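Below, each chain spelled out in residue letters.
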Amino acid sequence: MSLSRRTARRSVRALGVTAASAALALGAAGYAFADDIDLFSASASCVGGKGVITVTDKDPSGAPATVTVFLENNNADVRQVGAQEVKGTAKGATISFAEEWEPSAVYRIHIKSGEVNKDIDPFLTAPAKACKADDTATPSGTPSGTPSATASASPSESADTESPAPSEPSAGGEDTPAPAGNDVQPAAQQSNLAETGASSNTGLIVGVAALLVVLGGGAVFFGLRRRGSGDR
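This text gives an overview of the structure that appears in the document. (Residues numbered from 1 in each chain as written. Predicted model: local features only at pLDDT ≥ 70, side-chain atom pairs only at ≥ 80, totals over all residues. Heavy atoms only, no water.)

**Description of unusual backbone geometry**
For clarity, the threshold we go by: Numbered from the N terminus, helices here are DSSP runs of H or I no shorter than four residues, and strands are runs of E no shorter than two. Exposure is judged per residue with a 1.4 Å probe applied to protein chains only, and the accessible area is read against the type maximum: over 50% gives exposed, under 20% gives buried, and values in between give partly exposed.
Omega for the peptide link from D121 to P122 comes to 5 degrees, which places this bond in the cis form. Secondary-structure assignment places P122 in the loop between β7 (116–119) and β8 (124–125). Even without a glycine there, the phi angle at N75 is positive, about 60 degrees. Looking at N75, the relative accessible area reads 73%, which means it is exposed. With phi around 65 degrees, S104 is a residue other than glycine that occupies positive phi space. Looking at the element boundaries, S104 is found in the loop between β5 (93–98) and β6 (106–113).

Here is the structure:
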């Protein structure tokens with residue numbers, strides 16, 4: 001076997017060993033990240049006035065992990081809040097559990113991923129102050145009552161202002177009759193016109209009557225003339 005062939009085989013073997021070592025090193029590093037419980041953290045906060053428990057996974061290998069949250073009382077599980085799966089990232093992947101936690105309540109966060117089967121240490125303790133509703137909500141009471149009182153008062157005041165004062169009786173105890181003036185004249189004129197028959201159509205009627213008279217006279221005239229010519 002020539003020297004060049006031996007050298008080539010040795011080079012190939014060396015490259016194979018190096019690649020295998022690198023793969024093992026990367027795999028070991030990945031498992032090391034996945035097995036590190038310190039890459040997981042938890043916190044309790046308020047979002048929109050509601051309690052939330054958030055778990056963060058900063059495992060850069062992206063290995064899936066199952067997160068289970070338990071409510072604790074005297075180091076004993078009271079109930080399970082929930083369980084979710086998360087795949088970590090270098091920046092941190094987060095998952096949230098809706099939980100109306102009580103002030104200073106204690107929660108156990110259990111992580112199971114690969115060789116990891118542990119609880120986050122120490123246990124999570126909720127804040128000493130409970131969540132409150134958003135302050136943007138309009139409280140019931142004085143603000144809502146004031147406009148309605150003002151609105152109900154204004155129309156009555158305007159009605160009292162615009163309503164005319166009633167007529168007072170005269171000294172003799174009888175109501176004072178309405179004085180005769182220009183307000184009565186239109187009605188009187190209309191009644192007079194109705195009685196006499198005078199209106200805006202009188203001229204038209206007279207003209208039509210006169211036309212009918214003229215046409216009748218002409219018809220009589222031509223009729224007599226024809227009769228005279230026939231007698232002749």
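**A closer look at the side chain of H110**
Under the convention used in this document: Pairs of N or O atoms within 3.5 Å make up the polar contacts considered here, provided that, within protein, one atom can donate a hydrogen while the other can accept it, and that residues adjacent in sequence are counted only when both atoms are side-chain atoms. It only takes one pair of heavy atoms within 4.5 Å for two residues to be counted as in contact.
Here H110 shows up in strand β6. At 2.7 Å, the side chain of H110 forms a polar contact with the side chain of D119. Not counting the four nearest positions on each side in its chain, H110 is found in contact with T66, V67, T68, F70, N117, K118 and D119.

**Regarding the state of the cysteines**
The condition is simple: Defined by distance alone, a disulfide is two cysteine sulfur atoms within 2.5 Å.
Tallied over the full model, the rule gives one disulfide. Each sulfur in the disulfide pair C46 and C131 lies 1.9 Å from the other. Measuring handedness by torsion sign, the sulfur bridge of C46 and C131 sits at about -90 degrees and is left-handed. Residue C46 is located in strand β1 (residues 40–47), and its partner C131 is located in the loop between β8 and α2 (142–162); the two are separated by 85 residues in the primary sequence.

**Quick notes on the pattern of salt bridges**
Inclusion rule: One side-chain nitrogen of Lys or Arg within 4 Å of one carboxyl oxygen of Asp or Glu is enough to make a salt bridge.
Throughout the structure, instances matching the rule amount to four salt bridges. Close ionic contact of E99 with R79 constitutes a salt bridge, the shortest N to O distance being 2.4 Å. On the criterion of sequence distance, the pair formed by E99 in the loop between β5 and β6 and R79 in strand β4 (residues 77–87) is long-range, its members being 20 residues apart. A relative accessible area of 38% places R79 in the partly exposed class.

**Some thoughts on the pairing of strand β2 (residues 50–57)**
Worth spelling out the cut-off: When DSSP finds at least two bridges between two strands, those strands are taken to pair.
Of all eight residues making up β2, seven are buried, and the element is well covered by its neighbours. Sheet topology note: the β1/β2 ladder contains eight bridges and is antiparallel. Residue C46 lies in a different strand from β2, and its bridge partner there is G51. Judged from the six bridges that link them, β2 and β5 form a sheet pairing that is antiparallel. Looking across to β5, one finds that D57 is bridged to A93.

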